[in-house]
Amino acid sequence: MTLLQDTAHAKINLYLHMTGRRPDGYHLLDSLAVFAGAADEVRIAEKSDRFSLSIEGRFGAGLEADDSNLVLRAARALQAHAGKNDPYHLTLEKNLPVASGIGGGSADAACTLRLLGELWNIDEADLIAIAEPLGADVPVCVQQKPNRMEGIGEILTVAPAMPNGGILLINPGLAVSTPDIFRSFAAMGGIIERPAPVFPARWTSMSDLVEMLSLTANDLQAPAIHHAPSIGKVLDTLDMQKECLMARMSGSGATCFGLFPTPDAARNAEIELSKEAAHLGWWTWAGPLLQD
Ligand SMILES: C[C@@](CO)(OP(=O)(O)O)[C@H](O)COP(=O)(O)OP(=O)(O)OC[C@H]1O[C@@H](n2ccc(N)nc2=O)[C@H](O)[C@@H]1O
Ligand SMILES: Nc1ncnc2c1ncn2[C@@H]1O[C@H](COP(=O)(O)OP(=O)(O)O)[C@@H](O)[C@H]1O
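Residues numbered from 1 in each chain as written. Chains lettered and ligands numbered in written order. Predicted model: local features only at pLDDT ≥ 70, side-chain atom pairs only at ≥ 80, totals over all residues. Heavy atoms only, no water.

Notes on the site of ligand 1
Selection criterion: We call a residue near a given molecule or strand whenever any one of its heavy atoms falls within 4 Å of it. N or O atoms within 3.5 Å of each other form a polar contact, as long as, within protein, one can give a hydrogen and the other can take it, and as long as residues adjacent in sequence are counted only when both atoms are side-chain atoms. Per-residue accessibility takes into account occlusion by the displayed protein chains alone, with areas from the Shrake-Rupley method and a 1.4 Å probe. Each residue is assigned to one class: nonpolar for Ala, Val, Leu, Ile, Met, Phe, Trp, Tyr, Cys and Pro, charged for Asp, Glu, Lys and Arg, and polar for all the others, Gly among them. Domain limits in this description derive from either an automatic procedure or a database domain assignment.
Close to ligand 1 lie 17 residues, the nearest being K11, H27, G101, D137 and S252. Contacts to ligand 1 include K11, whose side-chain N or O atom sits 2.7 Å from an oxygen atom. When isolated, ligand 1 has an accessible area of 700 Å², and the protein chains bury 78% of it. A class-by-class count of the residues in the shell around ligand 1 yields seven nonpolar, eight polar and two charged. Mapped onto the domain boundaries, the shell around ligand 1 takes at least three residues apiece from domain 1 (4–158) and domain 2 (166–288).

Focus on the domain arrangement of the protein chain
We count it as follows: Throughout, a contact is declared for two residues whenever any of their heavy atoms are within 4.5 Å. Buried area: the sum, over both parts, of the accessible surface (1.4 Å probe) that disappears when the two are put together.
Taken as a whole, the protein chain is organised into domain 1 (4–158) and domain 2 (166–288). Measuring from the centre of the C-alpha atoms in domain 1 to the corresponding centre in domain 2 gives 22 Å. Listed per partner, the contact involves 28 residues of domain 1 and 37 residues of domain 2. Interface area for domain 1 against domain 2, summed over the two sides, is near 2,400 Å², with a carbon-plus-sulfur share of 67%. Taken together, the connections running from domain 1 to domain 2 amount to twelve residue pairs in polar contact (both at pLDDT 80 or more).

Details of the site of ligand 2
Note the cut-off: Strands are runs of DSSP state E lasting at least 2 residues, helices are runs of H or I lasting at least 4, and numbering of each runs from the N terminus.
In the vicinity of ligand 2, 16 residues are found, and the nearest of them are L70, A99, G101, G103 and G105. Residue A99 places a main-chain N or O atom 2.8 Å away from an oxygen atom belonging to ligand 2. Between ligand 2 and G101, the relevant distance is 2.9 Å, taken from an oxygen atom to a main-chain nitrogen or oxygen of the residue. With the chains in place, 74% of the 550 Å² that ligand 2 exposes on its own is no longer accessible. Among the elements that make up the shell around ligand 2, the one with the highest residue count is helix α2 (residues 104–120) (four residues). For the shell around ligand 2, the class distribution of residues is six nonpolar, eight polar and two charged.

So, the pairing of strand β3 (residues 52–56)
The line we're drawing: Here, any two strands with at least 2 DSSP bridges between them count as paired. Crossover handedness is defined here as right-handed if the route from the first strand over the helix to the second strand goes clockwise, with the strands pointing away from the viewer.
Here five bridges tie β3 to strand β4 (residues 88–93), and the two strands are oriented parallel to one another. Considered in β4, the bridge of L53 is made with L90. One crossover worth recording links β3 to the parallel β4 by way of helix α1 (residues 70–82), and it is left-handed.

Re the nonpolar core
We count it as follows: Residue types Ala, Val, Leu, Ile, Met, Phe, Trp, Tyr and Cys, when buried and joined through side-chain atoms within 4.5 Å, form a set referred to as a nonpolar core. Relative accessible area decides the class of each residue, using a 1.4 Å probe on protein chains only: under 20% of the type maximum gives buried, over 50% gives exposed, and in between gives partly exposed.
By size, the foremost hydrophobic cluster in this structure holds 63 residues, and its most contacted members are F51, L78, L90, L113, L116, L168 and I231. Among the elements that line this core, the one with the most residues is α2, at eight residues. Residues lining this core come from more than one domain, with at least three contributed by each of domain 1 (4–158) and domain 2 (166–288). Leaving out residues up to four positions away in the same chain, L78 has contacts with L113, L116, G117, W120, I122, L127 and I130. Counting residues in each nonpolar core, the second largest holds 27 residues, with L14, F59, L169 and W203 among its members.

Thoughts on the sheet that holds strand β10 (residues 283–288)
Counted only if it meets this: Interaxial angles span 0 to 180 degrees and are taken between N-to-C directions of axes, which are lines fitted to C-alpha atoms, for helices over the stretch in contact.
Taken together, four strands build an open sheet; the order of strands is β8-β9-β7-β10 and the sheet is antiparallel. Of all strands in the sheet, those bounded by a partner on one side alone are β8 (246–249) and β10. Across the sheet, the mean angle separating the axes of adjacent strands is 20° when strand polarity is ignored. Here strand β7 (residues 166–171) pairs with β10 via six bridges, running antiparallel. Within β10, the position partnered with G166 by the bridge is P288. Contacts from helix α6 (residues 206–213) reach β7, β8 and β9 (256–260) within the one sheet, and its direction differs from that of β9 by about 135°.

Structure, rendered in structure tokens:
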């Protein structure tokens, strides 16, 4: 029996600029993080003598249901914070590709915090504080709303709502290593000095949003293509789709996204390339951006 369930949406970095480096070597960044309809699901079932996890779904086989899983790490961190002895059996339906630049693990951790926070009556601000040590992308995933991320992701500023546009995600079926991509970024020249993007009070259409994004970049895209040239092919394929306004990689890759004027335009493009995607073993998802 399911007591509570929630969806853990894919995080998309619409742009990702590296702005500096901390003394510990971590890169400081500036990013507009938004969320797509594509999601994992976390369910809380019956009480148990300790937190435990079952994993199902298309990408479940790539993960262990042990203490390394971010769902259990988040549950235990919140349990310690709340001083609760109230463990449950949890189920993760893993629909998002793993280690793919769309923060699926971070979204799962944040989703677990929201669910247990609801059961145990814990404020969102406390959940965000507990999220931070679990990973740089976990705080933004607690709210699942458009946010500007700075610092290494812990400094969040609410961004204007997304227009009612569409997004097509493609993952070429390879996991890229985030540390390798950051290392290559540094080796290929590192930080680029540039003015910080300025957001308007609101975006009226996808074209309006894309106009601002055209002045930005994902600084990890070139190093990722260097490691995995198939990312370049994914970007070319997205660019060739009718009505695709722009194509870019998210996070440290390898998932890339195309932006479209409407969710239907993105779905039509997904259908258009479905044969090629099936042939190449690509994962695809098309639909709306979460708006706020
Ligand atoms: C690039 C981003 C953008 O949202 O997304 P993903 O690709 O993970 O989705 C994140 O900043 C990913 O942050 P996070 O998920 O914490 O990265 P991790 O895998 O823990 O980092 C692995 C390694 O990459 C390097 N690293 C990571 C983050 C950062 N801001 N600077 C770094 O230099 C460090 O060497 C670190 O040890
Ligand atoms: N529930 C989870 N879902 C995905 N990855 C997880 C999970 N728990 C732990 N991990 C580990 O976290 C790492 C990052 O995963 P993920 O969030 O999918 O990456 P990315 O942010 O690049 O999309 C993976 O290498 C994986 O082994």
